[in-house]
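As a plain string of letters, each chain reads:
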Amino acid sequence: MKQEEEVVKSNQKGDIVVDDDGYGSLWRDCGWFVLFFLYLEISHCLFLRQVKISNLKGKIVGIYFSANWYPPCQNFTRVLANAYDQLKNSNPGFEIVFVSSDEDLNSFNNYRALMPWLAIPFSDLDTKRALNLRYNIEGIPCLIVLQPDDSVEDLIIEDGVDLIYRYGVQAYPFTRQRLEELVEKEKHEHDNQTLEGLLTNHGRDFLMGNSMPKQVPVTSLTSKTIGLYFSAEWCSPAAKFTPKLVSVYQKINQQLTINGHHNFEIVFVSSDHDQTSFESYFQTMPWLALPYGDPNIKNLTKYFDVRGIPSLVILGPDRKTVTKQGRSLVNLYQERAYPFTEDRKRLLEREMDEEARKLAKFEYHSGHCHELMLVSEGNGGGPFICCDCDEQGSGWAYQCVECGYEVHTKCVNRVERGSINGS
Ligand SMILES: [Zn+2]
Ligand SMILES: [Zn+2]
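Residues numbered from 1 in each chain as written. Chains lettered and ligands numbered in written order. Predicted model: local features only at pLDDT ≥ 70, side-chain atom pairs only at ≥ 80, totals over all residues. Heavy atoms only, no water.

Draft legend 1. Geometry of unusual backbone geometry. Omega for the peptide link from isoleucine 309 to proline 310 comes to 0°, which places this bond in the cis form. Along the chain, the position of proline 310 falls in the loop between α12 (295–303) and β12 (311–315). Cis geometry is found at the peptide bond from tyrosine 338 to proline 339, where omega equals 5°. The backbone phi angle of phenylalanine 174 is positive, close to 65°, even though this residue is not glycine. (Helix = DSSP H or I, 4+ residues; strand = E, 2+ residues; numbered from the N terminus.)

Draft legend 2. Examining the coordination of the zinc ion (ligand 2) more closely. Around the zinc ion (ligand 2), the protein contributes the donor atoms His368 (NE2), His370 (ND1), Cys400 (SG) and Cys403 (SG), which lie 2.0 to 2.3 Å from the metal centre. Taken together, the four donor atoms coordinating the zinc ion (ligand 2) and their angles of 99 to 117° define a geometry best described as tetrahedral. Mapped onto the polypeptide sequence, the residues donating to the zinc ion (ligand 2) form the spacing pattern H-x1-H-x29-C-x2-C. In this structure histidine 368 comes out as buried when scored by relative accessible area, which is 10%. On the basis of relative accessible area, histidine 370 is assigned to the partly exposed category, the value being 30%. (Donors = N, O, S within 2.8 Å, 3.2 Å for Na, K, Ca; no water. Tetrahedral: all angles 85-135°; square planar, octahedral: opposite > 155°, others 65-115°. Buried < 20%, exposed > 50% of the residue type's maximum accessible area, 1.4 Å probe, protein only.)

Draft legend 3. The arrangement of the coordination of the zinc ion (ligand 1) in detail. The protein atoms donating to the zinc ion (ligand 1) are Cys386 (SG), Cys389 (SG), His408 (ND1) and Cys411 (SG), with metal-donor distances spanning 2.1 to 2.4 Å. One can describe the site at the zinc ion (ligand 1) as tetrahedral: its four donor atoms subtend angles covering 98 to 120° at the metal. Within one chain, the residues donating to the zinc ion (ligand 1) are spaced in sequence as C-x2-C-x18-H-x2-C. Of this pair, cysteine 386 sits in the loop between β17 (384–385) and β18 (392–393) while cysteine 411 sits in the segment after β20 (405–408), and the two are 25 residues apart along the sequence. Note on cysteine 386: relative accessible area 0%, which makes it buried.

Draft legend 4. Layout of the pattern of salt bridges. Here the structure, examined in full by the defined rule, presents 17 salt bridges. For glutamate 186, the salt bridge is made with arginine 166, and the minimal N-O distance between the two is 2.9 Å. Taken as a pair, glutamate 186 in helix α8 (residues 176–191) and arginine 166 in helix α7 (residues 160–167) lie far apart in primary sequence, 20 residues in all. Of the residues examined, arginine 166 reaches a relative accessible area of 27% and is grouped as partly exposed. A salt bridge links glutamate 391 to arginine 327; the nearest nitrogen and oxygen atoms lie 3.3 Å apart. Of this pair, glutamate 391 sits in the loop between β17 and β18 while arginine 327 sits in helix α13 (residues 326–333), and the two are 64 residues apart along the sequence. Where salt bridges share partners, they join Asp162, Arg166, Glu186, Asp305 and Arg307 into one cluster. (Salt bridge = Lys/Arg side-chain N within 4 Å of Asp/Glu carboxyl O.)

Draft legend 5. Region of interest: the pairing of strand β3 (residues 60–66). Most of β3 is tucked away: seven of the seven residues are buried. The two faces of β3 match: Ile60, Gly62, Tyr64 and Ser66 on one face and Val61, Ile63 and Phe65 on the other face are all buried. Here β3 runs beside strand β4 (residues 94–100); their pairing, made up of seven bridges, is parallel. Looking across to β4, one finds that glycine 62 is bridged to isoleucine 96. Regarding topology, helix α4 (residues 71–90) serves as the crossover connection from β3 to the parallel β4, and that connection is right-handed. Bridging between β3 and strand β6 (residues 142–146) involves five bridges; their strand directions are antiparallel. Note that in β6 the partner of phenylalanine 65 across the bridge is cysteine 142. (Pairing = 2+ DSSP bridges. Right-handed = clockwise from strand over helix to strand, strands pointing away.)

Draft legend 6. The packing of α7 against α8, seen in detail. At a closest axis distance of 12 Å, the pairing of α7 and α8 adopts a crossing angle of 40°. Classified by the angle their axes make, α7 and α8 are oblique. The chirality of how α7 crosses α8 is left-handed. The residues of α8 that touch α7, namely those facing Leu163, Arg166 and Tyr167, are Leu179, Leu182, Val183 and Glu186. Residues of the contact of α7 with α8, tallied by class, amount to five nonpolar, no polar and two charged. (Axes fitted to C-alpha atoms, helices over the stretch in contact; angles between N-to-C directions. Parallel < 35°, antiparallel > 145°, perpendicular 65-115°, else oblique. Left-handed = near helix turned anticlockwise from the far one by under 90°. Contact = heavy atoms within 4.5 Å. Nonpolar A, V, L, I, M, F, W, Y, C, P; charged D, E, K, R; others polar.)

Draft legend 7. Expanded view of the packing of α4 against α7. Here α4 crosses α7 at 60°, and the two axes come no closer than 10 Å. With respect to α7, the element α4 is oriented oblique. You can see that α4 and α7 cross each other, and the crossing is left-handed. Within the contact between the two elements, α4 uses Pro72, Asn75, Phe76, Val79, Leu80 and Ala83 and α7 uses Gly160, Val161, Ile164 and Tyr165. Split into classes, the residues belonging to the contact of α4 with α7 amount to eight nonpolar, two polar and no charged.

Draft legend 8. Spatial organisation of the layout of surface pockets. The space that makes up the largest pocket amounts to roughly 1,700 Å³. Taken together, 48 residues form the lining of the largest pocket, with Tyr165, Lys298, Thr301, Lys302 and Tyr303 sitting closest to its centre. For the lining of the largest pocket, the elements supplying multiple residues, two or more each, are α4, α7, α8, α9 (195–199), β10 (264–270) and α12. Looking at which element gives the most residues to the lining of the largest pocket, the answer is α12, with eight residues. In terms of residue class, the lining of the largest pocket is built from 20 nonpolar, 17 polar and 11 charged. Residues lining the lining of the largest pocket come from more than one domain, with at least three contributed by each of domain 1 (2–186) and domain 2 (195–347). (1 Å grid on protein atoms, 1.4 Å probe; cavity = no way out; pocket = protein on both sides within 12 Å on 5 of 7 lines; lining within 4 Å. Points joined across faces, edges and corners; volume = space filled by probe spheres on them. Domains from an automatic or database assignment.)

Draft legend 9. Region of interest: the nonpolar core. Counting 48 residues, the largest nonpolar core has Ile63, Tyr64, Phe65, Trp117, Tyr135, Ile144 and Phe174 as the members making the most contacts within it. When residues of this core are traced back to their parent elements, those giving at least two are β3, α4, β4, α5 (105–112), β5 (118–119), β6, α7 and α8. Broken down by element, the residue count for this core peaks at seven residues, all from α4. If sequence neighbours within four positions are ignored, phenylalanine 174 has contacts with Ile60, Phe94, Val145, Gln147, Ile157, Leu163, Ile164 and Leu179. Core analysis: the second largest hydrophobic core is formed by 45 residues, Cys235, Ala238, Tyr249 and Val407 among them. (Core = buried A, V, L, I, M, F, W, Y, C linked by side-chain atoms within 4.5 Å.)

Below, the structure written as C-alpha cells:
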C-alpha cells in the first residue's frame, strides 16, 4: 500500500494514463492496443489523478522509453522537455507518455519530476513489458511517435530521439511528409554552405590563433581544405586523439608546402566547460579555434549532427562537406588520408586490401591470450574499437570472436604461441 500512496503523491503534478472506453475500439488500432493493458492495471486505482486513454485519441503521441540511471537518457530528457514545452503551447494535439525502466520507485519519482508529460505508473510492470515488446525496444532512450491514425504501421516513427536531436521542434508533426521536407531543406543548406556562414557571426569575422597574429580572418581560409575539430579537454578519447591529429596536421602541411599546394587548416570547435580549460587545451594545438562559448559552436554541432567527441568534419576547398569521418580516416591512414575525399579513401582501401593479402591469416598478439584471426569488412569484420590503441577502426582487423577482442592490423605485436599466459 505504501507504494501506491507514493504513486499518488508523485502524480499530483503529473497524470496517469487510463481508459474507460472499453477495449473493442482499442484492439482495432494496432498501435494503441497495448495501452489497453492500462485499463486493467490502473482501473482499481480510482483515487489517482488520471487521464483517460480516450483523451489521447486523435492526438500525436510519443511513447518515451527511458531511465534515470542512464546518462544518455537524462541528457535526452532535458532536450525533450524543452521541445515539449515549446510544442505544447501551440499544439494541444501532442502528448508524451513515459515508460520507465527505472530500478526503484524513488528513482522513478525523481525522474518523473523532470517530465511535464504523462507516465505509465511505476508499479505497472505488465504494461511496461507489453509496450517494450510491442515496439521491440532494444535500447534507451527511445521515442516512438504514433500518428492519430496509426493503424497503418508505416506511419509509426521509431527514431524520435534522433529526430528531436537533429531537428528539435521542427520535426513536429513527425509525419513522413514533414521529415522529407526537413531532409530536403537540410540538403539545400549543405549544398549551399559557405565558410562565412559556418564560421562567422554578426559580431565576429575572425578565428583565434595561438601565435601572432592572434586573430585570423576567416577569409584567409579560402581555397584550403578545412578540418572542424570538435573536442574538449575533459574528454579522454580526445586526450589520446589530439596529439595524433597534431602530428598528422604537421606532416600534411610539410608535404603540401613542398609540393606548393594550398594547405590544410584545422579549426578547434570547443565544448570545454570553462575558459581556462579551453585555453590550456588550445595551447596544445598548432591550429585555429572558434572563441570559447561562441554561438557558432552550438550551431555547428547541430548542423553537422555531431553526437560524440572527438569528431573531425572535413570541408573541401569548394566548401562542400567532404566527410564527417575524419577521425577514423586519420586513425586508419594518418597523414596519407589527406585530402579525405571518396577517391582518396577508395585508393587507400585498395592499397590496404593488397597489403592485407600479405598478412598472416592468424596471429598471436602480446595483448591477448587467444589466437587472433584476420577479418575484413563483410567477412567477420566491421567498424570496431581497437583494444590496443582504443581508437576506432574499420576494414581489416585481427579478431578473437569469442572474447569480442579486436585490434588494428598495425597494432598487432606479434608473439610466438605459448609465450602468452593462459594460451
Ligand atoms: Zn589500434
Ligand atoms: Zn580471446
